[in-house]
Amino acid sequence: MTDQTAPTSPIAPTAQTAQTAPIAPTAPTAPGEPYTTLLRGIAANPNAGTAVLTRLLVPAGGPAWRMFGRRPLPADFVDTALAHSERRVRSAVAANPWLSDTHCLRLARDPVDLVALQAVNGSGARRRPAPLPDAAVELLLLGTWPRETEFLTRDEILGELHSLGALRNAFRRKMAHHPEPELRRQACQFIGALPPDRQAALLADPDPGVRAEARRVTAPRRLTPEELADTTTPRVLHSLYQTRVLPPDLLADALAARDYLSALARNRHLPPDAVRTLAADPDPEVRRLIARHPALVPDLMADLAADADPDVRHRLAGHPGLTPALIDALAADPDPEVAARALADPAPRDPARGRVLDEADPRETPERFRQIDFGVVDEPVDPPDPDWYRACARSPLPLLRRAAATCPHLDELMVRQLSQDEEREVRHLLALHHPAAPAGPLLEAYLCHPRHRDRLRARPAFPRTGLPSGLARHPDPEVRELAVADPEFDGDPETLLADPHHLVRLAAATNPRLRPERVAALLADPELREGAAANPQLGEKRLHALLDGVLGTREEAAGQGVPA
């Protein structure tokens, strides 16, 4: 389930800083909505406690509800909001990454499926520093909680939950041997990522439905003439050529015409003669792709190890079936990255280690796929032994230290050591993967990995005060925004109130170093009102007064039976 709300400012405090750091607001409201930005700013203000937030639960407070997912909330307010009859209130709270496990489980039992799915698979769930409670995820996967309102079909819910990055891999591991057969059946979707013993267990599962699904997903599927006739788009054809067993005449025609060679090179069902043909293809990209094919035989591996293109040799260096002699030969390769990849994984090779090394290897090659490059940060479904990670952290080889930095279970000593590593990529991977990464690497990764900024900002140690003054002059507006929202910002917030980017101007309006009279003036500025209303100079009494002018007094609300 994607977040359908308008873009939000990247400044949102952690639970530890909620009382001191302002929350920068969202994009400006459209003309003709004079109170929308004011209400959003009040909801974002760190001085807005339970009493202020509860007043926003009336229908007229609707513009502020989206902010419930963008700041830490008092537990008693969450209790009130989750009992609210309006599903949009509950859905907004469900997007909050700082919710307790108890509140997450309560949301997973929500009578409206969209609310429950938001809690388990929404933007907040993906940004949570800690995993969701297993029981909450199981409720959605099993569909055992009765829903009064169903906007989505069962298959649509499962499709959302099994999309890339939705379920954490630690939970997927549990699914493969869960006592509930339905979860084991669903685990068959990623059976290829499981260790061999788990794959064998699913194929021999005592439940016939699990056995049938495991056999279905592992059995080679042949491309039929009917499928080919019904396929009209190149994208679908590419997928079919990559995943299906192809009829011999169709495969021969594709090789002769050089059609879909990149798809064929990834096809695990190719016969040996086709693998040999692609290994000798004149296009180095085709040779690079075939260099990981499971059907490569030693003489083809030897040919590719001597390939003139270093990208081909680099990809081959990670092949799980390399012989010790070829590993030694590639370890002496003149390209240092090829040599490092071979040295990092001596014989006998373990596919689990190889997958971690692939994810940790930053080599720029065409059509590479690293989860981290697509915004997904997670440990493998089948992780290597913890001792291997610890040994990697002590290695002189940077690639192995990068691999260690992807482990979220390293102890405090290892985290401290890697956070001071001389190689930048080690520090960045640690910041992205380890929940206890310190402030320095978190800020460094924030500057270099825009795709992961939401996740980094949700970390407890993410720095919000005492930031380097030079960030206020950074070319990226998100970085300037971070700098000007710092309560200890040592520049003049007035200068950034004139920044060319509106989110930076809004963040400047939240800075507590602005003079009180300036904040009061900004409350009358339609463009910057939201930022001014989020400024922590406004105490709870002033926030109530602002709400009185928009929603009516608390006494009037109480007379109408509205929460006060």
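Starting from 1, residues in each chain are numbered consecutively following that chain's sequence as written. In view of the model being predicted, local features appear only for residues whose pLDDT reaches at least 70, and side-chain atom pairs are presented and counted only at 80 or more, with totals across whole chains, interfaces and linings using the full set of residues. Side-chain numbers here rest on the full set of heavy atoms in the structure, without hydrogens or water.

Labels follow the DSSP assignment, with helices taken as runs of H or I lasting at least four residues and strands as runs of E lasting at least two, numbered in each case from the N terminus. Working rule for helices: expected span equals 1.5 Å times residues minus one. A rise of 1.5 Å per residue sets the reference length of helix H36 (residues 540-551), with its twelve residues, at 16 Å; its end C-alpha atoms lie 16 Å apart and thus fit the reference within 8%. Accessibility here uses a 1.4 Å probe with only protein chains present; expressed as a share of the type maximum, an area under 20% marks a residue as buried, one over 50% as exposed, and anything in between as partly exposed. Within H36, the full set of buried residues consists of Leu 543, His 544, Leu 546 and Leu 547. Projected onto a plane normal to the axis of H36, the buried residues spread over an arc of 160° and lie on a single side. Pointing more than 90 degrees away from the buried face of H36 are the exposed residues Lys 541 and Gly 549. Positive backbone phi, at 90°, marks Gly 552, one or two positions downstream of H36. Directions from the helix axis toward the C-beta atoms define the arc.

In this section: the nonpolar core. Buried residues of nine kinds, namely Ala, Val, Leu, Ile, Met, Phe, Trp, Tyr and Cys, make up a nonpolar core once their side-chain atoms join them within 4.5 Å. Ranked by size, the top nonpolar core spans 119 residues in total, and within it Phe 68, Leu 140 and Leu 141 carry the most contacts. With six residues, the top contributor of residues to this core is helix H33 (residues 502-509). Note on contacts: a residue pair qualifies if any of its non-hydrogen atoms lie within 4.5 Å across the two residues. When residues no more than four places from it in sequence are discounted, the contact partners of Phe 68 are Leu 53, Leu 56, Leu 57, Leu 73, Phe 77, Ala 92, Val 93 and Asn 96. If you look at the next biggest cluster of nonpolar residues, it comprises 35 residues, including Tyr 241, Ala 274, Leu 278 and Met 301.

The subject of this paragraph is the confidence of the model for the protein. pLDDT measures the predictor's confidence residue by residue and takes values from 0 up to 100. Across the protein, the average pLDDT comes to 89, with 89% of residues at 70 or higher. Helix H3 (residues 75-82) holds the highest mean pLDDT among the elements of the protein, 98, whereas helix H37 (residues 554-559) holds the lowest, 53. Predicted confidence is poor over residues 1-32, with pLDDT under 50, and the contacts of this stretch with residues over four places away or in other chains come to 102 contacts.

A large share of helix H28 (residues 424-433) lies buried, amounting to nine of its ten residues. Residues Glu 425, Val 426, Arg 427, His 428, Leu 429, Leu 430, Ala 431, Leu 432 and His 433 constitute the buried set of H28.

Turning our attention to the environment of Asn 47. Following the sequence through the fold, Asn 47 ends up in the loop between helix H1 (36-44) and helix H2 (50-55). On the basis of relative accessibility, which here comes to 24%, the residue Asn 47 falls in the partly exposed class. Ignoring sequence-local partners within four residues, the contact set of Asn 47 consists of Pro 536, Leu 538, Gly 539, Glu 540 and Leu 543. Polar contact is the term for a pair of N or O atoms within 3.5 Å; when the atoms are in protein, one must be able to donate a hydrogen and the other to accept it, and sequence-neighboring residues count only if both atoms are side-chain atoms. For Asn 47, the side chain forms a polar contact with the main-chain oxygen of Pro 536, separated by 2.7 Å. A polar side-chain atom of Asn 47 sits 3.0 Å from the main-chain carbonyl oxygen of Leu 538.

A few words on the pattern of salt bridges. Here, a salt bridge means any side-chain nitrogen of Lys or Arg that lies within 4 Å of a carboxyl oxygen of Asp or Glu. One pass over the full model with this rule turns up 35 salt bridges. Here Asp 548 ties to Arg 55 by a salt bridge, and the two come within 2.8 Å at their closest N and O atoms. One end of the pair, Asp 548, is in helix H36; the other, Arg 55, is in helix H2, with 493 residues separating them in the sequence. Owing to a relative accessible area of 28%, Asp 548 belongs among the partly exposed residues under this scheme. For the salt bridge of Glu 86 with Arg 88, the shortest nitrogen-to-oxygen distance reads 3.2 Å.

What follows deals with unusual backbone geometry. At the junction of Ala 347 and Pro 348, the peptide bond is cis and its omega measures out at -5° in the coordinates. Among the secondary structure elements, Pro 348 is positioned in the loop between helix H23 (336-343) and helix H24 (351-360). Despite not being glycine, Arg 258 shows a phi value in the positive range, around 60°. Structurally, Arg 258 can be placed in the loop between helix H16 (248-257) and helix H17 (261-265). Positioned with a positive phi, Tyr 260 is a non-glycine residue whose angle comes to about 55°. With respect to the helices and strands, Tyr 260 occurs in the loop between H16 and H17.

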